[in-house]
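Single-letter residue listing:
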Amino acid sequence: MKLYNTLSRKLEKFVPLNGNLVTIYTCGPTVYDYAHIGNFRTFCFEDLMRRYLKFRGFKVKQVMNLTDVDDKTIRKATEQGLGLDDYTERYIDAFMEDCRTLNLEPVEVYPRATRTIEDMIALVSTLLEKGHAYEKDGSVYFNISSLPTYGRLSGLDRREIRSGVSVDSDEYEKDDVRDFVLWKGKKEENEPAWESPFGEGRPGWHLECSVMSMKNLGETLDIHAGGEDLIFPHHENEIAQSEAATGKPFVRFWVHCKYLIVEGKKMSKSLGNFFTLRQLLEKGYDPMAIRYTLIAAHYRKQLNFTFDSLDNAGKAISRVESFYNAVNQTANREASSEDVTKLIQRYREQFTAAMDDDLNISGGLGALFEFIREINTNYPDSQVPQGNKKEVLAFLDELNTVIACFNFGEELADEEIMKLIDERNQARKDRDFSRADEIRDQLKGMGIVLEDTRDATRFKRLK
Ligand SMILES: [Zn+2]
């Protein structure tokens, strides 16, 4: 299996460092607002990569952090007069719910920045001891001139670098190459702050990811992934902090997902083409059509997200689901044919070869649709021999462990939905709100949305 490594700018054969276990760190959401579809393009791609690694027989340990303290979360919480935890909690819940809606497999660890402060202080102390950092006006900065390899990931021209001049904000521009902040001294009276040997303050955003990744996955990780907008300064700074502290390579494969545009234009609130996942669901779009659209273009190509593409995704999904159902109900009583078994083998190989090539999902989906076409040519109306039915369905299920957009199960009947609604209403009466929410989420995962009115709870199937 090959992956494109941003660090070497080459396709490289991927082999994990330790046996069969792949360690992955993915920069998670900053929980100050609902995540938008651009964020979810990256998260869906990372989910596809994770699922494919498992398909290939690897074990995966993935960490996705929750940035619950940074410039943005603090500004928003202050605006609303809320404590940081109270403010971020609702967006953490919303994010988890969105992930379930898009059928993202839960990762193994979701560390929160505010619960990892001790380790962050320890890393800053190490960097100070080793002479890679300095204190100034109550803050601590990383001295980029102390690390000759600084800029390797993003390919910065060394001449642009201005060491000794520092920058305080978490996010800054590509031409603004300066000493970045590790620990921000407390400035405002009501700003969230923690005690440390360098005074009261809080960690910089870049530091958070270095610490949460190494704490959970060790000093050298197999894969670090994120959106391409994070290459500089975020990932460049993560490398600097980690490698300066440990003297070891921090990440073996840097994998970056390109951004998306919407209806041909850069997504922005002022153009009216900015969408959170929730806004698309409110418009009635099927979560699986959204997932399909987000994964169907290769991750290193720009994706033009359009409403037409959502409609087409819906059609592609029904084609596969109808095929599955037709095979499942085949009336062809013949014994098994060797030809079908051979077709499955050939298309499994085709799928695997495409996905092995830097996760070429277009080729992977192509293999699936060619398989369906060829079966239908040989067996009109998908009436495969009874003796092959099981293996055809198993093959579709197998591909769906990676693509994860198809619902091959039976649709829930109205009575079953009503039963769950009754159970939810009872749970609410008993003030068991977590059970009530669970049921609502379970239904949402199946494309069924509940609406509570004064008299009753109604449901709606999203199409
Ligand atoms: Zn990060």
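Up top is the structure.
First things first, this report covers the structure right here in the doc.

On to the pairing of strand β15 (residues 448-452). In this structure, β15 lies alongside strand β16 (residues 457-461), joined through five bridges in antiparallel fashion. Among the inter-strand pairings, Ile 448 is bridged to a residue of β16, identified as Arg 461. The turn linking β15 back onto β16 is made up of four residues.

Here we come to the coordination of the zinc ion. Protein-derived coordination of the zinc ion comes from Cys 27 (SG), Cys 209 (SG) and His 234 (NE2), at a distance range of 2.0 to 2.2 Å. Mapping the donors of the zinc ion onto the primary sequence gives the spacing C-x181-C-x24-H. Taken as a pair, Cys 27 in the loop between β3 (21-26) and α1 (37-55) and His 234 in helix α6 (residues 231-246) lie far apart in primary sequence, 207 residues in all. His 234 gets classed as buried once you look at its relative accessible area, which sits at 1%.

Taken in spatial order, the three strands make up an open sheet running β13-β12-β14, and their pairing is mixed. A strand with exactly one partner marks an edge of an open sheet, and here the two such strands are β13 (265-266) and β14 (303-305). Taken together, the three bridges between strand β12 (residues 260-262) and β14 define a ladder with parallel strand orientation. Residue Ile 261 lies in a different strand from β14, and its bridge partner there is Asn 304. Each of β12 and β14 touches α1; the most contacted strand, β12, lies at about 140° to it.

Following Phe 232, the chain continues to Pro 233 via a peptide bond in cis, the omega torsion being 0°. By the element assignment, Pro 233 lies in helix α6. Of note in this structure, Glu 263 is not a glycine but carries a positive phi near 50°. As for its position among the elements, Glu 263 is in the loop between β12 and β13. Phi angles above zero are rare outside glycine, and Leu 359 is one such case at about 55°. Looking at the secondary structure, you find Leu 359 in the loop between α10 (338-356) and α11 (361-378).

Next up on the list: the state of the cysteines. The tally for this structure, following the rule as stated, stands at zero disulfides. Its sulfur unpaired, Cys 44 is 8.1 Å from the next cysteine sulfur, which belongs to Cys 405.

Roughly 1,300 Å³ of internal volume is contained in the largest pocket. Lining the largest pocket we find 42 residues, and of these His 36, Asn 39, Lys 72, Glu 171 and Asp 229 sit closest to its centre. When contributions to the lining of the largest pocket are tallied by element, the ones reaching two or more residues are α1, α3 (84-101), β10 (221-227) and α6. A total of five residues in the lining of the largest pocket trace back to one element, the largest contributor, which is α1. Residues that form the lining of the largest pocket fall into these classes: 20 nonpolar, eleven polar and eleven charged.

Further remarks concern the sheet that holds β3. Strand order in the open sheet made by the four strands is β4-β3-β10-β11, with parallel pairing throughout. Edge strands, defined here as strands with exactly one partner in the open sheet, are β4 (59-64) and β11 (251-257). Neighbour to neighbour, the strand axes of the sheet diverge by 25° on average, direction disregarded. Relative to β10, β3 runs parallel, the two being bridged by three bridges. Counterpart to Thr 26 in the pairing with β10 is Ala 225.

What follows concerns the packing of aromatic side chains. Summed over all chains, the structure comprises 23 aromatic pairs. An angle of 70° between the planes, with centres 5.4 Å apart, marks the rings of Phe 43 and Phe 95 as edge-to-face. With Phe 43 in helix α1 and Phe 95 in helix α3, this residue pair connects regions lying 52 residues apart in the sequence. By relative accessible area, which is 4% here, Phe 95 ends up buried. Geometrically, the ring pair formed by Phe 45 and Tyr 299 is stacked, given 4.2 Å between the ring centres and 15° between the ring planes. Of this pair, Phe 45 sits in helix α1 while Tyr 299 sits in the loop between α8 (287-295) and β14, and the two are 254 residues apart along the sequence. An identical accessibility class is assigned to Phe 45 and Tyr 299; each is buried. Linked through ring pairs, Phe 323, Tyr 347, Phe 371 and Phe 395 together constitute an aromatic cluster. Above the ring of Phe 274, the side-chain terminus of Lys 269 is found at 4.7 Å from the ring centroid.

For helix α4 (residues 117-129), with 13 residues, the first-to-last C-alpha span of 18 Å sits near the 18 Å given by 1.5 Å per residue. The set of residues buried in α4 consists of Ile 117, Met 120, Ile 121, Leu 123, Val 124 and Leu 127. The buried residues of α4 occupy an angular sector of 160° when projected down its axis, which confines them to one face. Facing away from the buried side of α4 by more than 90 degrees, the exposed set consists of Glu 118 and Glu 129. For α4, the secondary structure elements touched by its buried residues are β5 (133-136), β6 (139-142), β8 (178-185), β9 (201-203), α5 (205-217) and α6.

What counts as what
- Residues numbered from 1 in each chain as written.
- Predicted model: local features only at pLDDT ≥ 70, side-chain atom pairs only at ≥ 80, totals over all residues.
- Heavy atoms only, no water.
- Pairing = 2+ DSSP bridges.
- Helix = DSSP H or I, 4+ residues; strand = E, 2+ residues; numbered from the N terminus.
- Donors = N, O, S within 2.8 Å, 3.2 Å for Na, K, Ca; no water.
- Buried < 20%, exposed > 50% of the residue type's maximum accessible area, 1.4 Å probe, protein only.
- Contact = heavy atoms within 4.5 Å.
- Axes fitted to C-alpha atoms, helices over the stretch in contact; angles between N-to-C directions.
- Disulfide = S-S within 2.5 Å.
- 1 Å grid on protein atoms, 1.4 Å probe; cavity = no way out; pocket = protein on both sides within 12 Å on 5 of 7 lines; lining within 4 Å.
- Points joined across faces, edges and corners; volume = space filled by probe spheres on them.
- Nonpolar A, V, L, I, M, F, W, Y, C, P; charged D, E, K, R; others polar.
- Phe/Tyr/Trp six-rings, centres within 6.5 Å; stacked < 30°, edge-to-face > 60°.
- Lys NZ or Arg CZ within 6 Å of the ring centre and 35° of its normal.
- Expected span 1.5 Å × (residues − 1).
- Arc of directions from axis to C-beta.

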